[in-house]
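These are the residues of each chain, in order.
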Amino acid sequence: MTGFGLAPGVWPPAPIRTERLVLRAAEARDRAAFVELFASPEVGTYIGGAQPREELERAMPEVPGQRPGVFVVECGGAMIGTVTTLDRPDPGQAEAELGYLFLPEAWGHGYAAEASAAALGWLARALPGTSALLRTRSANEPSMRLAAKLGFTEVRRYEEYGAEQWLGVRTP
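Cut-offs used in this document
Numbering of residues begins from 1 in every chain and follows the order in which that chain's sequence is written. With pLDDT at 70 or above as the cut-off, local features in this predicted model cover only qualifying residues; side-chain atom pairs require 80 or more to be listed or tallied, and sums for whole chains, interfaces and linings still use all residues. Neither water nor hydrogens contribute to the side-chain values; these are computed over all heavy atoms in the structure. Residue-level confidence of the predictor is summarised by pLDDT, bounded by 0 at the bottom and 100 at the top. In this text, helices come from DSSP runs of H or I with a minimum length of four residues, and strands from runs of E with a minimum of two, each type numbered from the N-terminal end. Any Phe, Tyr or Trp ring, taking Trp's six-membered ring, that has another such ring centre within 6.5 Å forms a pair; planes under 30 degrees apart are called stacked, those over 60 apart edge-to-face, and the others tilted. Three exposure classes are used, based on accessible area relative to the maximum for each residue type with a 1.4 Å probe and protein chains only: buried under 20%, partly exposed in between, and exposed over 50%. Whether two strands pair depends on DSSP finding at least two bridges between them. Note on contacts: a residue pair is in contact if any heavy atoms of the two residues lie within 4.5 Å. For helices, the axis comes from a line fit to the C-alpha atoms of the stretch in contact; other axes are also lines fit to C-alpha atoms, and the angle between any two N-to-C directions lies between 0 and 180 degrees. Only buried residues count toward a nonpolar core. Its members are Ala, Val, Leu, Ile, Met, Phe, Trp, Tyr and Cys residues joined through side-chain atoms within 4.5 Å. Each patch is built from salt-bridge-free residues with over 30% relative accessible area, joining like charges within 9 Å and nonpolar side chains (Val, Leu, Ile, Met, Phe, Trp, Tyr) within 5 Å. Using a 1.4 Å probe, accessible areas were evaluated by the Shrake-Rupley method; residue-level cover was limited to the displayed protein chains. A carboxyl oxygen of Asp or Glu within 4 Å of a side-chain nitrogen of Lys or Arg is what we treat as a salt bridge. Taken from the helix axis, the directions to the C-beta atoms give the arc we talk about.

**Student:** Explain the confidence of the model for the protein chain here, please?
**Tutor:** Low-pLDDT stretches of the model should not have their predicted coordinates read in fine detail. Looking at the protein chain, pLDDT values average 90 and 90% of them are 70 or higher. The lowest-confidence element of the protein chain is helix 2 (residues 41–44), averaging 92 in pLDDT; the highest-confidence one is strand 2 (residues 22–24), averaging 98.

Structure (structure tokens):
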């Protein structure tokens, strides 16, 4: 599968290993964790609300997240979240958008920073010269700290989804 300017054979990449995590393409065994992730009220706080579990169970594909740039983040053999790197806001732009969602039990352990840094490293190798964007609610203090830690600088703030949002950029 190719997309977003990726050369054939670039996606899915070989699993990326960090000190504690594995970033890999989604598999059928991840479906239950995807449902849990999107049904979680805690996660939903930052993405416009939790989705109904019954609806997710019915509509979720057998292998969710199968598109270029979506990494499953695995710790100890189990999916704990996702990191995405290629949700480009406008096709043809030399920018990719970083996104991450983690199950609440994975919060506060530095997994988002570790996985995001690894995904940004992959992006730099796969699409040299590509800037990365990050959007988050400005009230999401952990996400704002992570943006700073990863080297994102503020571009602007704006209102969306009934809350102030923050947009940052990280240039190569």
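**Student:** Even after reading the chapter, I still don't get the packing of aromatic side chains, so can you show me in this structure?
**Tutor:** Where two aromatic rings form a pair, the distance of their centres and the angle of their planes describe that pair. Scanning all chains against the criterion turns up four aromatic pairs. A centroid spacing of 5.4 Å and a plane angle of 70° characterise the contact between W11 and W122, whose relative ring orientation is edge-to-face. Placement of the pair is W11 in the segment before strand 1 (16–17) and W122 in helix 4 (residues 111–126), with a sequence separation of 111 residues. Side by side, W11 and W122 carry an identical accessibility label, which is buried. When the centroid spacing of 5.2 Å and the interplanar angle of 80° are considered together, the rings of F71 and W122 count as edge-to-face. One end of the pair, F71, is in strand 3 (residues 70–75); the other, W122, is in helix 4, with 51 residues separating them in the sequence.

**Student:** Any chance you could explain the sheet that holds strand 1 here in plain terms?
**Tutor:** In sheet architecture, strand pairing relies on hydrogen bonds along the backbone and comes in two forms, parallel and antiparallel. Here we have eight strands laid out as an open sheet, ordered 1-2-3-4-5-6-8-7, and mixed in their pairing. Bordering the open sheet on either side are strand 1 and strand 7 (153–160), each of which pairs with just one other strand. Looking at chain direction, strand 4 (residues 78–84) and strand 5 (residues 95–102) are connected through four bridges and run antiparallel. Bridge pairing in strand 5 places V83 opposite Y100. Here helix 4 sits on the sheet and contacts strand 1, strand 2, strand 3, strand 4, strand 5, strand 6 (131–137) and strand 8 (163–170); the angle it forms with strand 5, its principal contact strand, is near 155°. In this fold helix 5 (residues 141–149) packs onto strand 5, strand 6, strand 7 and strand 8, with an angle of close to 160° to the strand it touches most, strand 6.

**Student:** Would you take a moment to explain the nonpolar core for this structure?
**Tutor:** Side chains of nonpolar character tend, in soluble globular proteins, to be buried together. The biggest cluster of nonpolar side chains holds 32 residues, and the ones touching the most others in it are L23, V73, V83, L98, F102, L123 and F152. Mapped onto this core, the elements with two or more residues apiece are strand 3, strand 4, strand 5, helix 4, strand 6 and helix 5. If one sorts the elements of this core by residue count, helix 4 sits on top with nine residues. Setting aside chain neighbours within four positions, we find L23 in contact with P15, I16, T18, F71, V72, V73, A115, A118 and A119. Counting residues in hydrophobic clusters, the runner-up holds 13 residues, among them A26, L56, M60 and L103.

**Student:** Even after reading the chapter, I still don't get a nonpolar patch on the surface, so can you show me in this structure?
**Tutor:** A contiguous nonpolar patch, built from Y46, I47 and W107 and spanning about 280 Å² of accessible area, is present on the exposed surface. Checked against the element boundaries, W107 lands in the loop between strand 5 and helix 4. Taking relative accessible area as the criterion, W107 reaches 37% and is therefore assigned partly exposed.

**Student:** Quick question: what am I supposed to make of the environment of V63 here?
**Tutor:** Relative to the assigned elements, V63 resides in the loop between helix 3 (53–59) and strand 3. Along the primary structure V63 and A26 are separated by 37 residues, whereas in three dimensions their C-alpha atoms are 6.6 Å apart. Setting aside its immediate chain neighbours within four residues, V63 contacts A26, E27 and A28.

**Student:** Please explain helix 5 as it appears in this structure.
**Tutor:** Note: α-helices contain 3.6 residues per turn, so residues at a spacing of three or four share the same orientation. Every buried residue of helix 5 is accounted for by S143, M144, L146 and A147. When helix 5 is viewed along its axis, its buried side chains cluster within an angular range of 160° and face the same direction. Turned more than 90 degrees from where helix 5 packs its buried face, E141, R145, A148 and K149 sit exposed. Residues of helix 5 that are buried make contact with strand 5, helix 4, strand 6, strand 7 and strand 8. Phi turns positive one or two residues past the end of helix 5, at G151, with a value near 90°.

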